[in-house]
Each structure stands twice: as structure tokens, then as C-alpha cells.
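Structural overview
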Amino acid sequence: MSDLIEPKKVEIDYETEESILYEAADGVAWIMMNRPSFNNAQNGQMTYALDDAFQRAVNDDAVKCIVLGGIGKHFSAGHDIGTPGRDLHFEFDKRLMIAPHTNKPAAELLYTREQEQYLGMCRRWRDIPKPTIAMVQGACIAGGLMLAWICDLIVASEDAFFQDPVVPLMGIPGVEYFAHAYELPPRVAKEFLLLGERMPAARAEQFGMVNKVVPRDQLKEATAAWANKLAAGSRLGNWLTKQAVNHVEELRGKRSAMDAVFHMHHFAHAQNDLVTGDSIGGVSGKSAAAANKKTSG
């Protein structure tokens, strides 16, 4: 008897076929999230298009630096939990050695999907052999943090803010790529997670989570200045330097810590399913946004 299930049939309405825009010039690849009407919420369509874009930049020897940004008012509002383009039950061709997820029962479905699309993809992008810069404006919330944190440098506009509200909203201990206690001092990481409040770019810069804060109208110019400088540097030197610093993080236990918290994360998903019948506790994109605006004033 098989323990597999029939994949769920759902209606998916993508508002665009180009969820990622790509442009390369003068040694720099500009990868831009392109769902501005949904504040660049990340569905599977965007995640796999993002992987394609990163792979394209890696394969192009003319590209020496990669910039990741978002079209519109916000960098990214996080993972898609409520747009017409939410594609939780769509099976994309896997990029890692992960089995299909849509035919798995109960908590196994989400656990399998997120091993690839969230934890696995982010680790894959962190190890890109070329320097990467996140160009952040407006909101960088939850899943948005994961995309900014995999980049080597973060340049933010003065109006940017960073937030992971999933503990107070869903009872889940942070997003899947759990780098919080490496990006922030432990007590500040606890504040960031437990209270779920917005951290302005200026405060994030104080802790070293952000490298530079500039006025919004200077964001692209400032990012381009650093990108051009990196693109003019040594290809091998840049790669070796990334590996050196990433190795120090691994010696501090980053990967092991992330693995442990990923399992706590999915225990919380399963608990939500048992208690509320929904893995994210009945939270929707609209309800999350409304709660966020209310608590932030």
C-alpha cells in the first residue's frame, strides 16, 4: 500500500510571466524581483526564476558581481501566503536532490518543499562564487530577509526596514533560513524574533546587518558604485574571500544551527495544523499585512 497522495488541484493565476527581470552590463548582473503589485512576495514561480537568473549570472564569465533588488515600493514582503499566484501545490522541476513534494501527505509535503525552495535554495545562492549585493528599499520582511542575508553586502535606503513577525503571528521560530543569531547579537536576535517589530535600516547598520544606508533616490547609484568596484576586482580573489568568511561562519556552527531550527520550524507548522487545521495558523497575506500596519502604527 502506497503512502503517497494524489496531488491537490488548485487554480493558480500568475499576474506576470516575468517574475524576475535580468540585465547584465559592465560586469554587473542586475536581478530584480518583479511582482510589485504584491510587494514582491515570493512564490515558487519567482523562486525558480531567481535560481535561473543566478545560474545565468554564474555561467557568464563577463559578470563579476551580482545585484539583487526588487521593483517597486518594497524589496520583498516575504513568502507568498495569499496572492492568486500562490503555487504551494505546483510541482516545479527540482534543482537539488529533493523528491517531489505535492504527492506527500500531511506535514511531509511542506517539509519536502521547504527543504528545496527555502533552505536549500538559499544555501545554494549564498555559495555563489561571485560577490553579491542586496539592494533593499522599503519592506524586507520574513522571506525577504532570507534573500538579503544570502548576499555578501547589503545596501539599504533610509526608509528600509527589516522584520520577521512569524513568531507573534504564527508561533513559528523564524523563517527557514535561520541566520538571525548570526546577523544580530543574540539578545537583539531574540528581540527581533519574539517581538516581531520592524528594525529600521539605521539600527540594522549599527549591528552590521546592513553595510550602508543611503537616501532612497541614491540607492541604485550607491549600489552600482560598489558593484562596479567589485566587478573590477580579482575574480578568484573575490571568490576565495567569500569562501574564507563563509567558512568562519560554518566553524561557528551556522549550518548545524540552521538545520536544528529548520526542524523546530516544521514542528511548529505541524502543531498549527493540529490545532487550527492550517500550517500557518490561518494567517493570510491580508491579515498579516493588517496586523503589521496596526502594530507598527
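Attention here is on the structure that accompanies the text.

All right, on to the sheet that holds strand 2 (residues 28–33) then. The strand order 1-2-3-4-6-9 describes an open sheet built from six strands, whose pairing is mixed. The two strands at the open ends of the sheet, each matched to only one other strand, are strand 1 (20–25) and strand 9 (212–214). Put simply, the sheet's adjacent strands are angled 20° from each other on average, direction ignored. Where strand 6 (residues 153–157) meets strand 9, three bridges bridge the pair, whose relative direction is parallel. If you follow V155 over to strand 9, its bridge partner there is K212.

The next thing to look at is the pattern of salt bridges. Taken as a whole and assessed by the stated rule, the structure comprises 15 salt bridges. For R35, the salt bridge is made with E15, and the minimal N-O distance between the two is 2.7 Å. Placement of R35 in the loop between strand 2 and helix 1 (44–59) and of E15 in the segment before strand 1 is noted, with a sequence separation of 20 residues between them. A residue is classified by how much of its surface remains accessible, and R35, at 0% relative accessible area, is buried. D51 serves as the salt-bridge partner of R124, at 2.7 Å between the closest nitrogen and oxygen. In this pair, R124 sits in helix 2 (residues 106–126) while D51 sits in helix 1, placing the two residues 73 residues apart along the sequence. Of the residues examined, D51 reaches a relative accessible area of 2% and is grouped as buried. Here the residues in one salt-bridge network are R126, D127, E249, E250 and K254, joined through shared partners.

Definitions and cut-offs
Residues numbered from 1 in each chain as written. Predicted model: local features only at pLDDT ≥ 70, side-chain atom pairs only at ≥ 80, totals over all residues. Heavy atoms only, no water. Pairing = 2+ DSSP bridges. Helix = DSSP H or I, 4+ residues; strand = E, 2+ residues; numbered from the N terminus. Axes fitted to C-alpha atoms, helices over the stretch in contact; angles between N-to-C directions. Salt bridge = Lys/Arg side-chain N within 4 Å of Asp/Glu carboxyl O. Buried < 20%, exposed > 50% of the residue type's maximum accessible area, 1.4 Å probe, protein only.

Shape descriptors only; they carry no functional weight alone.
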